Every structure is written in structure tokens, then in C-alpha cells.
Number of protein chains: 2
Amino acid sequence: MNIEVQITNSVLALPPCHIPGCGAIARFEGVVRGIEDGQPIAALEYEAYLPMAEKVIREILTDLNELHPFAFSRVHHRVGVVPVGEAAIILDVHASHRAEAFAVLSKFMDRLKRDVPIWKVRAIKEARLS
Amino acid sequence: MNIEVQITNSVLALPPCHIPGCGAIARFEGVVRGIEDGQPIAALEYEAYLPMAEKVIREILTDLNELHPFAFSRVHHRVGVVPVGEAAIILDVHASHRAEAFAVLSKFMDRLKRDVPIWKVRAIKEARLS
């Protein structure tokens, strides 16, 4: 099982990738929405405690692999200012069959929110961005 | 809620697409594996009963939208000969939040296999493709 983690200030993109033997690729993209706490926003700003964030992401995936074996997973998380309509996170899971891929994708996102030291530090309003 | 269905002989590709208000994009790609029924293969051949397949795909998504509201979904299914390592199906679901997107993605795939008139008609062995 291989894991690729990137935490970056740049726009996210996962290039297409097919792993031999994998019949299932499940992917999730979390995009910044134009509303935060009921108010219109222009962007969200994220911060990470970098070495720990990458370590915990790898631990979660290693843990999920025990129960739902998969071949490869990429987790790319953006930090800094992420404008509305752009992705804050993209991940994918490559597995033999779809049940494992779906389980890892969904459980990873739950644990990311709970355990990984990456935070929304502020919402940036329209006027402040322009 | 909008639905896009394509059933095609061509290589599949879903171009990137962001729908305003959608914070979650879940996507699944079903790829032909090199083994079918324990035997090495070079490709699978799919056939569809076209008008019915598209109609049933739309019905399933409309049905799932009642329970798990989403904004947009694309289902692209390939027919004809699909070589190992290429996608037979790609779908995505765009929703406000990830719970709905994951539920639709996973339940759609279960119902596709059961209800949609698209079949694997044969496995093509290495020697027959070369």
C-alpha cells in the first residue's frame, strides 16, 4: 500500500493515475463554498501544523488499510487563502473493488476533520479580498 | 438537480466542473482489471440497451436525490471493447456537503449493477486482442 501526501499553498490537481489490478478509483474534492456561518465570503484561509498533519494523515490511511485494503491513496490539502470555488482538499483511493475505496474515502474525511492539525483560521469577506 | 448521461464507444473523461454552492464533489471510476473469473484478460466488451439504459440511470439518480439531495451528477459509461486499465464507467456527484455526495455515489453503483441494462458480454483474452 502506497500513500502520497502533499500540503501546499498551490492550486490542487490530482493527475490521472491507474494502478495495475485496481478496478476502483474513488475520489473526493472539498471545495470552498460562498457561504460560511450564514455570511457570504470570498475565501477561507487554512493553516496546518505541517510535520504533524502529514504524519497523522499517513497514520489514518495506514489504519484504514487494515480494515479496507487498498493499493494507493493520494491526499493533497491546500493551505493559505483558498478562494470560493477552489478545492481545499482532493484525495483519491485506488483499490481492487469499490467497497474498500468508498469506505476509505468516507472514513478518511471524518477522521481528517477530527484528528488532523489543519484548521480554517478565518473567512475572508468580499470587501477584504477585493 | 441536473443529470448528464453519456453512453459512448469512446474513451471516458469527465472534465473538471465546479457548481456554485457545492462544497463536495465525489467521483468514482470503474476500471477494467487484468483478471476476470481468475483468468488473465486483455479487455472486456460491454453492450447496452441504449434508450432504456439512459432512462433507468436518470430514474435511479432522481430517486436518490429525494433522500440525498444533490445539485448535479454526470454518469458516463463506455460500451464496446474496453481494454484493461481503461474506465468502463466514470460518475461524479456534486452536492452541498459530502455525506450526500458519498451516499449517492455508492448507492448509484449498487443500483447500476442491478437495474441498468448494460452488460459485460465477453472477456477478451490476450491472444485474441493481439
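Refer to the structure above for everything that follows.
Draft legend 1. How the structure looks around the overall build of chain A. Within chain A, the secondary structure is distributed over three helices and nine strands. In terms of C-alpha radius of gyration, chain A reaches 15 Å, essentially the compact-globule figure of 14 Å for 130 residues. Taken over 130 residues, chain A has a buried fraction of 36%.

Draft legend 2. Focus on the interface of chain A and chain B. Facing 21 residues of chain A, the contacting portion of chain B comprises 21 residues. Put simply, the parts of the chain that give the side of chain A that touches chain B at least two residues each are strand S2 (24–31) and helix H2 (98–115) of chain A. A per-class count over the side of chain A that touches chain B returns 10 nonpolar, seven polar and four charged. When S2(A) meets strand S2 (residues 24–31) of chain B, the two strands line up antiparallel, connected through seven bridges. Across the sheet, the residue bridging to Glu29(A) is Ile25(B), located in S2(B).

Draft legend 3. Representation of the packing of helix H1 (residues 50–67) of chain A against H2(A) in the model. Residue and element names in this part refer to chain A. Interaxial distance between H1 and H2 falls to 10 Å at its minimum, and their mutual angle equals 145 degrees. The element H1 and its partner H2 pack so that their crossing is right-handed. In this structure, H1 uses Val-56, Ile-60, Leu-61 and Leu-64 to contact H2, whose residues at the interface are Val-104, Lys-107, Phe-108, Arg-111 and Asp-115. When the residues that make up the contact of H1 with H2 are grouped by side-chain class, the tally is six nonpolar, no polar and three charged.

Draft legend 4. Representation of the relation of the copies chain A and chain B within the structure. In the superposition of chain A on chain B (RMSD 0.0 Å, axial shift 0.0 Å), the rotation amounts to 180 degrees. Classification of the inter-copy transformation places it as that of a two-fold axis. It is Arg27(A) whose C-alpha, among those of chain A, lies nearest the rotation axis, at 2.5 Å. Interface overlap between copies is the fraction of interface residues in one copy that are interface residues in the other; for chain A against chain B it reaches 100%, indicating a shared surface.

Draft legend 5. Structural view of the environment of Arg114(B). With respect to the helices and strands, Arg114(B) occurs in helix H2 (residues 98–115). Counting along the chain gives 58 residues from Arg114(B) to Val56(B), while the straight-line C-alpha distance between them is 11 Å.

Draft legend 6. Spotlight on the environment of Glu36(B). All names here are of chain B. Mapped onto the secondary structure, Glu-36 falls in strand S3 (residues 35–36). Assessed through the 17 C-beta atoms surrounding it within 10 Å, Glu-36 is described here as partly exposed. Separated by 87 residues in sequence, Glu-36 and Ala-123 place their C-alpha atoms 7.2 Å apart. Ignoring sequence-local partners within four residues, the contact set of Glu-36 consists of Ile-41, Leu-44 and Ala-123.

Draft legend 7. Main features of the sheet that holds strand S7 (residues 80–83) of chain A. Residue and element names in this part refer to chain A. Judged by pairing direction, the sheet is antiparallel, and its three strands sit side by side in the order S7-S5-S9 without closing on themselves. This sheet does not close on itself; its edge strands, each paired only once, are S7 and strand S9 (118–124). With strand direction ignored, the average angle separating the axes of adjacent strands in the sheet is 30 degrees. When strand S5 (residues 43–48) meets S9, the two strands line up antiparallel, connected through six bridges. Note that in S9 the partner of Glu-45 across the bridge is Arg-122.

Draft legend 8. Seen up close, the sheet that holds strand S9 (residues 118–124) of chain B. Residues and elements named next belong to chain B. One open sheet accounts for three strands, arranged S7-S5-S9; its pairing is antiparallel. At either end of the open sheet lies a strand with only one pairing partner, and these are strand S7 (80–83) and S9. Adjacent strand axes in the sheet meet at a mean angle of 30 degrees, parallel and antiparallel pairs treated alike.

What counts as what
Residues numbered from 1 in each chain as written. Chains lettered and ligands numbered in written order. Predicted model: local features only at pLDDT ≥ 70, side-chain atom pairs only at ≥ 80, totals over all residues. Helix = DSSP H or I, 4+ residues; strand = E, 2+ residues; numbered from the N terminus. Rg over C-alpha atoms; globule rule 2.2 N^0.38 Å. Buried ≥ 20, exposed ≤ 12 C-beta atoms within 10 Å, placed from the backbone. Contact = placed C-beta atoms within 7 Å. Nonpolar A, V, L, I, M, F, W, Y, C, P; charged D, E, K, R; others polar. Pairing = 2+ DSSP bridges. Axes fitted to C-alpha atoms, helices over the stretch in contact; angles between N-to-C directions. Left-handed = near helix turned anticlockwise from the far one by under 90°. Least-squares fit on C-alpha atoms with pLDDT ≥ 70 in both.

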